[in-house]
Every structure is written in structure tokens, then in C-alpha cells.
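Okay, here's what each chain looks like letter by letter:
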Amino acid sequence: MGKLSERLRPNQLIGAIVALTLLAACTSNPKPQSDTPPPDESVYTTAQGPDLRTVWEAQGCDGTPNDTPGERYQKGCFGKILPWQGGTYVWNSNTGNKNIIPINNVLLPNGKVFTFGAGDDTFRFYPTEADIVKGGKISADLWDPLTGEHKLIDNTTTELFCSGQSALPDGRILIAGGHEGRLYTSSGPYLGSKDINLFDYQSNGWLSFPGQMAAFRWYPSSLALPSGEVLIIGGIDARAESNTPDPQLNNMEPLDIIEIWKVEGNTPSQRLLLNAPKRAYAHSQYPWLFVASNGKVFVAGQENRLVYLNTEGSGAWEDPIDGGMPRETPPPNYTTFVRNSGTATLYAPDKILVAGGSPGDGDTDSPVASALTIDLNLPGKPIVQNIFPMNFPRRHHNATILPDGTVWVNGGTKGPGVNNQELENRVYDSELWDPTTEQWKLMAKAQKFRSYHSTSLLLPDGRVMTGGGGRCDGCAPQDDNADVEIYWPPYLFNPDGTLAQRPDITRYPTRVRYNQRFSVRVNGGVSKVTWLRLGSVTHSVNFDQRINALEFTSAGGSSYYVRTPANPNLAPPGFYMLFVVDGSGVPSTGRIIQIMP
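No experiment lies behind these values; they were computed from the predicted model shown.

Visitor: Any details on the overall build of the chain? Residues and values, ideally.
Guide: Secondary structure assignment for the chain yields 4 helices and 43 strands. Computed over C-alpha atoms, the radius of gyration of the chain comes to 25 Å, within 12% of the 25 Å expected from 2.2 N^0.38 for 597 residues, which places it in the range of a compact globule. Overall, the C-alpha framework of the chain stretches about 95 × 65 × 50 Å when taken along its three principal axes. Out of the 597 residues in the chain, the part that is buried amounts to 57%. Relative to all contacts within the chain whose residues are 6 or more apart in sequence, the contacts with residues 24 or more apart total 61%. Counting only carbon and sulfur atoms, one obtains 50% of the accessible surface of the chain, whose full area is about 23200 Å². Computed over 50 positive and 59 negative side-chain charges, the separation of the two mean positions in the chain equals 6 Å.

This is the structure:
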């Protein structure tokens with residue numbers, strides 16, 4: 001028999017093609033179309049503002065020491081110092097006060113900021129391991145950036161000092177590890193915690209799972225995964241059992257174990273990546289972890305080795321090239337380059353900015369100003385490119401992604417050693433990195449020295465809360481900063497230093513799915529649409545920070561269609577701030593939206 005096209009006339013051929021097409025559509029199982037309206041649970045809501053003029057008097061820059069109104073349009077400005085409240089389970093042995101130092105900061109889905117520092121028993125020690133008392137207590141703070149109101153939240157299960165934290169898809173905060181004192185003397189080695197704690201922003205309550213992690217962890221990193229789980233890796237602990245090989249765990253030290261947690265309702269589940277020991281692949285203290293677009297976890301530091309962690313099953317390490325791939329050439333007289341207490345920022349999918357840090361912890365190890373970018377270049381090997389250095393060497397600084405896609409860096413010390421506080425080594429000037437030009441620009445100067453234990457966190461209104469610093473070995477009492485100051489970026493101002501008119505998202509969905517088109521209504525122009533995951537930061541590491549530039553088209557009038565990221569590898573499930581940026585580079589207030597697993 002001949003081909004179908006040889007046996008049918010042209011009009012018959014067209015009819016056959018249409019019929020076959022319809023048949024295929026009926027018999028196949030196509031994926032749901034993403035151009036349909038949002039699912040039923042994606043209820044739209046309306047909002048306006050806020051008008052930042054209402055908080056300018058209390059939190060603005062007028063009268064602050066380093067502010068020049070004519071420079072706000074170019075450099076921004078730091079606002080008034082805002083003291084943090086005292087807590088029940090807080091104690092500062094240097095000053096005797098009980099004010100909370102915001103060492104761990106998390107932006108919550110209700111727009112409030114959850115912070116905690118060190119508890120009332122941070123300075124306890126035990127002469128022997130037999131004397132150790134597990135657990136502890138700490139007071140946390142809940143702050144509303146628009147009203148200035150504080151609320152005390154106590155945890156009586158765990159001393160959370162120097163823990164790691166990430167948000168679950170439902171917005172609850174999973175906090176891994178913490179501090180159980182020191183061994184032998186008040187200046188002896190540190191003791192970690194095996195506790196997992198969940199903070200519920202809706203009830204302001206705690207759910208604790210004491211002693212259930214695989215290892216005692218102090219200084220661990222956590223990471224929200226595309227699966228909705230949380231990865232926990234690293235940390236240190238002085239107990240002998242934490243540093244002795246365990247034959248039941250493939251002869252690995254317990255601290256080498258990587259674990260993954262999932263919490264559904266109030267029920268946790270845990271799995272161990274026993275085929276992927278941490279040793280030699282990831283820094284023990286707050287390693288830099290990022291979800292890549294292939295779904296694997298990319299480790300960018302702090303050790304000088306680039307590697308992927310496959311979190312499926314029992315886990316596996318995957319080198320980009322045979323024999324391993326160093327991130328960069330060490331400085332002169334060094335055999336490696338750990339970039340200790342530097343920063344790494346996922347400024348776009350699969351693109352990382354690394355800046356500053358020290359090649360070691362010794363008294364003569366000085367921070368560097370150098371910076372580089374890492375393009376994961378999937379499916380190829382990563383491309384590392386040296387870029388212009390920062391204006392200052394820095395260590396213990398912070399890097400914050402802004403709604404327009406730039407990266408703002410502030411704080412730190414430029415002196416050698418850990419937390420050098422000499423006056424000549426304090427860095428007060430902030431700076432801004434533009435990913436388009438890869439250039440750094442000096443920005444406003446802070447009022448306070450913020451270095452070790454300081455934090456910076458993007459707020460929904462486009463400002464940055466920067467605070468904390470202190471509460472450490474060798475910290476001077478006057479540098480225990482139980483306060484914050486708000487950075488007002490230049491995009492918030494007119495050339496004369498007055499507050500600029502901003503675009504405003506007045507209608508938006510509260511919940512969306514992946515690869516979904518939804519609509520927003522905007523008062524003002526739109527040249528760019530971005531969303532940023534709610535931040536979660538401590539010790540110069542923002543565990544959850546990431547940004548996506550979203551596709552958008554006009555829907556007529558003041559309405560626009562926006563498309564969410566295609567899959568959870570590009571934006572793990574959870575809460576994000578949706579921004580529009582106008583033609584002058586001025587962003588709206590971010591509207592908080594949940595993307596569902």
C-alpha cells in the first residue's frame with residue numbers, strides 16, 4: 001500500500017491530519033496547561049503601600065551622623081539605631097544586660113522578623129563529659145518593621161546560639177543544632193546540640209525534637225531542598241563520641257554524617273546520606289550550599305573545592321571534573337584558600353558571587369578584597385571568573401540581594417585574625433555590586449561597627465535590616481550590639497533626598513504553582529519582575545537567599561501576566577517576595593506569595 005498522502009486528495013489529507021490530531025489529544029495524557037487560571041487555592045488579595053513616610057521619623061536617616069540628604073540618591077543611607085528588647089533567657093557576661101543580640105535573623109511570611117542570639121547559659125562549662133547537661137533556654141524576638149513592635153518568644157528546650165535555620169514549605173522555621181556550653185573550662189572547646197526545633201509563625205509556638213539529629217551540631221548549615229526537605233550538614237562538637245569513628249556508620253565520625261529532615265504536620269522524618277560523608281568535601285562550619293538547576297546541591301566553599309552533592313537515596317558526592325576542581329589559586333604562601341567568613345551569594349540561577357574572607361584563622365591571616373563569580377554552566381563544568389575586587393578587604397561581612405538584582409555588601413573587619421576589632425580595621429562603608437557590569441560602587445557608611453555575629457536581611461518594603469555583632473570571645477563590651485539600623489537603598493530616594501514615588505502591586509495571588517501564569521495589578525510602570533525567597537541569615541551565611549527574574553507580559557491597562565519558575569530546582573517550595581521594578585529602577589514593596597510543592 002502507498003503512503004497516506006498518496007492515497008488522499010489534498011482536502012481529504014487535511015481532514016485526516018485534523019482527525020489524527022484530535023485522536024492524539026484524546027488518547028494521550030498531556031501535561032496540564034500552565035496558561036490556565038490559578039488553582040482554586042490561589043486566592044487573590046489586594047493591598048496598598050506601605051507608605052515609608054510613616055516610619056521615616058522613627059527609622060529614617062535625618063540627623064544620623066553619616067547622612068547627607070544630597071547623597072541618598074547615589075549611596076542610600078543608614079537610619080537611626082533601633083535598640084532590641086531584653087529577654088528572660090539572655091545574659092551578657094561582659095555587660096550584665098539581658099538585651100537580645102540579633103545573631104540569627106529570619107523573615108517570616110507575615111512580614112515580621114524573627115531573631116535570636118545567645119541564651120542565658122552561653123558561658124556555662126563542664127569539667128568533664130560526664131557533667132554535661134543537655135538542652136538549654138533562649139529568648140527570641142519577633143519584630144514588626146512597620147510598627148516597631150516587639151514580642152518576646154521563649155524557647156525552654158534548646159540554647160539555639162550559633163545554630164542553622166531554614167524555612168519549610170509551609171513557612172515554619174526549622175532550626176538545627178545549637179549550643180550546650182563548653183568543655184573543661186569557660187574557654188574550652190564548644191559543645192553542640194542534637195536538637196531540632198520548629199518555630200511556627202502563625203501560633204508563635206515551638207515544636208521541639210530533642211536529641212534526634214544524627215550528630216551534635218554547633219555552626220551547621222541548612223538548606224531548603226526542591227523536595228520540601230531540609231538538608232543539614234557540618235557543625236562541630238567537642239565530645240569524644242563526636243570525633244571517634246563509628247563502625248556502625250561505615251567507620252565515619254558522626255559529625256561527617258549529612259542528614260535530611262522533612263516535617264509533615266507535626267511528624268518529622270529523617271534520612272541519612274551515609275554514602276556521602278562530609279569529610280574533605282565541605283567546610284565543617286557553615287559551608288556554602290546552593291540548589292542548582294539540576295536539582296543537586298552545589299558546595300561553593302568555604303573550602304577551596306567545588307563539588308556537587310546528590311541528595312537522592314543515600315547520597316553521593318560528584319566532582320565536576322576527575323580529581324576534583326579547586327575554586328581558585330591560593331594566595332602566596334598558602335597551600336589552600338578557605339575564604340573563611342567570606343560570603344557566597346546565588347545572584348541568579350546557577351550563578352554565584354564569592355567575595356572576601358580570610359585564607360585561614362591564624363593571627364596573621366588577613367582578609368582579602370578579591371571577588372569571583374561561579375557559573376555552574378550546566379551540564380558542563382563550572383566556570384570561575386575573577387572580577388573586580390571590593391573596595392575593602394572584608395571578613396565577617398554580609399551580602400544581601402536587592403529587588404533589582406544587585407548585591408549589597410556591608411560590615412566586616414579588614415584586620416588579620418578572627419574578629420579583629422582594632423579601630424583602624426573596622427569597615428563602616430558599604431558597597432554595591434552590579435551583576436551587569438561586575439563593578440563595585442561605594443555606598444553609605446554605617447554608624448556602628450558590625451562584624452562577627454552581625455546580620456543583614458532584606459525586608460518586604462525594599463529596605464535592609466542590618467544589626468547585631470559581638471557576643472564572642474574577645475569582643476569588647478561596647479561592641480555587643482543589641483540593636484539594628486535600617487539601610488535605605490538609593491532606589492528609595494529622589495535626587496533631592498526625599499522619598500521617591502514607587503510602583504505598587506495592588507492585586508496578586510497568595511499562592512501559586514510552578515510554571516503557572518498569574519496576573520497582578522500595578523499602579524506605576526513595570527520594567528522588571530523579580531521574586532526573592534524570604535531570607536534566613538547568620539554568620540555571614542544567608543541559607544535561603546535566592547532570586548528569580550520572572551517572565552511577564554502586559555494584560556492591558558494596569559494588569560500584567562507573570563509566570564512562575566518552571567520547577568522547584570529553580571525556586572524550592574516556600575514563600576517569596578514578589579517585586580516589580582519601574583523604568584527608573586525603583587522597586588515596589590514585595591508581596592509575599594507561597595509557591596506550593
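After that view of the structure, there is still more to cover.
Visitor: Quick one: what's the story with the layout of surface pockets, residue by residue and with numbers?
Guide: A water-sized probe rolled over the atoms picks out the places where empty space is left. Space inside the largest pocket adds up to approximately 750 Å³. Its residues assigned to classes, the lining of the largest pocket shows 19 nonpolar, 12 polar and 5 charged. There is about 540 Å³ of room inside the second largest pocket. Partitioned by chemical class, the residues of the lining of the second largest pocket number 10 nonpolar, 15 polar and 5 charged.

Visitor: Explain the nonpolar core residue by residue, including any values.
Guide: Of all hydrophobic cores here, the largest spans 66 residues; its most connected members are Leu108, Phe114, Trp408, Trp440, Met465, Ile486 and Trp488. Ignoring anything within four residues of it in the chain, the contact list for Met465 reads Trp84, Asn105, Val113, Thr115, Trp143, Thr455, Ser456, Leu457, Leu459, Val484, Glu485 and Ile486.

Visitor: Give a description of the packing of aromatic side chains that names residues and reports values.
Guide: Applying the stated rule across the entire model yields 24 aromatic pairs. Centre to centre, the rings of Trp84 and Trp143 are 5.2 Å apart; their planes meet at 55°, and the pair counts as tilted. Here Trp84, found in the loop between strand E2 (77-83) and strand E3 (104-107), pairs with Trp143, found in strand E6 (residues 138-143); they are 59 residues apart in sequence, far enough to count as distant. Across the pair, exposure class does not vary: Trp84 and Trp143 are buried alike.

Procedures and definitions
- Residues numbered from 1 in each chain as written.
- Predicted model: local features only at pLDDT ≥ 70, side-chain atom pairs only at ≥ 80, totals over all residues.
- Heavy atoms only, no water.
- Helix = DSSP H or I, 4+ residues; strand = E, 2+ residues; numbered from the N terminus.
- Rg over C-alpha atoms; globule rule 2.2 N^0.38 Å.
- Buried < 20%, exposed > 50% of the residue type's maximum accessible area, 1.4 Å probe, protein only.
- Contact = heavy atoms within 4.5 Å.
- Areas by Shrake-Rupley, 256 points an atom, 1.4 Å probe, with all protein chains shown as cover.
- Lys, Arg positive; Asp, Glu negative; His and termini not counted.
- Charge placed at Lys NZ, Arg CZ, Asp CG, Glu CD.
- 1 Å grid on protein atoms, 1.4 Å probe; cavity = no way out; pocket = protein on both sides within 12 Å on 5 of 7 lines; lining within 4 Å.
- Points joined across faces, edges and corners; volume = space filled by probe spheres on them.
- Nonpolar A, V, L, I, M, F, W, Y, C, P; charged D, E, K, R; others polar.
- Core = buried A, V, L, I, M, F, W, Y, C linked by side-chain atoms within 4.5 Å.
- Phe/Tyr/Trp six-rings, centres within 6.5 Å; stacked < 30°, edge-to-face > 60°.

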